[in-house]
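Summary of structural features
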Amino acid sequence: LYTLLPQGANGRTGMGNESNLVLPKRVTSSLKWKKILQISCGWSHTLCIDSSGIVFSFGEGLYGKLGHGVETDVTTPRPIKKDLFNGEKVIQIRG
């Protein structure tokens, strides 16, 4: 997974900071060994799903839109707890 955003506010690049990016950069944190199947971006946040159905989110957490139960920003991809999906395997996402 690579990221490129000229405005890194709220951690929306997934790089662990709020720096702006002018060249593509690989997101290596918690996704380093994951096979990402789908990515969906909102205005200031990103969702992605890996091959085992784990959903990750990062960016602006306002109104709880990242699915972590808090309204704080997340600067690196963080998995959303599987129990929130009632045991169902997630196969598609939309940001």
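Figured I'd write up the structure that's included with this text. Everything numeric here is computed off the predicted structure, so don't read it as measured data.

**Some words on unusual backbone geometry**
Phi at Tyr63 is positive, roughly 65°, even though this residue is not glycine. Its location among the elements puts Tyr63 in the loop between strand E5 (55-59) and strand E6 (74-79). Taking relative accessible area as the criterion, Tyr63 reaches 70% and is therefore assigned exposed. A positive phi angle is found at Asn86, which is not glycine, with a value near 55°. Residue position: Asn86 is located in the segment after E6. When its relative accessible area of 69% is taken as the criterion, Asn86 is described as exposed.

**Focus: the sheet that holds strand E3 (residues 36-41)**
The antiparallel open sheet is built from 4 strands, whose spatial order is E3-E4-E5-E6. Strand pairing shows two members of the sheet lacking a second neighbour, E3 and E6, which therefore form its edges. Averaged over all adjacent pairs, the angle separating strand axes in this sheet is 15°, with direction ignored. Judged from the 3 bridges that link them, E5 and E6 form a sheet pairing that is antiparallel. Looking at E6, one finds that Ser57 is bridged to Arg78.

**Overview of the pairing of E5**
The buried fraction of E5 is high, at 5 of 5 residues. By the alternation rule, side chains of E5 split into Val55, Ser57 and Gly59 and Phe56 and Phe58, which are all buried. Where strand E4 (residues 45-50) meets E5, 5 bridges bridge the pair, whose relative direction is antiparallel. Among the inter-strand pairings, Leu47 is bridged to a residue of E5, identified as Ser57. Connecting the antiparallel pair E4 and E5 is a turn made up of 4 residues, with Gly53 showing a positive phi of about 90°.

Cut-off values and rules
Every chain begins its residue count from 1, and numbering advances along the sequence as written. With pLDDT at 70 or above as the cut-off, local features in this predicted model cover only qualifying residues; side-chain atom pairs require 80 or more to be listed or tallied, and sums for whole chains, interfaces and linings still use all residues. Where side-chain values are given, they derive from all heavy atoms of the structure, hydrogens and water being excluded. By definition, any uninterrupted DSSP run of H or I lasting at least four residues is a helix, any uninterrupted run of E lasting at least two residues is a strand, and each is numbered from the N terminus. In this scheme, a residue with accessible area under 20% of its type's maximum is buried, one over 50% is exposed, and one in between is partly exposed, where area comes from a 1.4 Å probe on protein chains only. The criterion for strand pairing is that DSSP finds at least two bridges linking the strands in question. The axes used here are C-alpha line fits, helices contributing only the stretch in contact, and every angle between their N-to-C directions lies in the interval 0 to 180 degrees.

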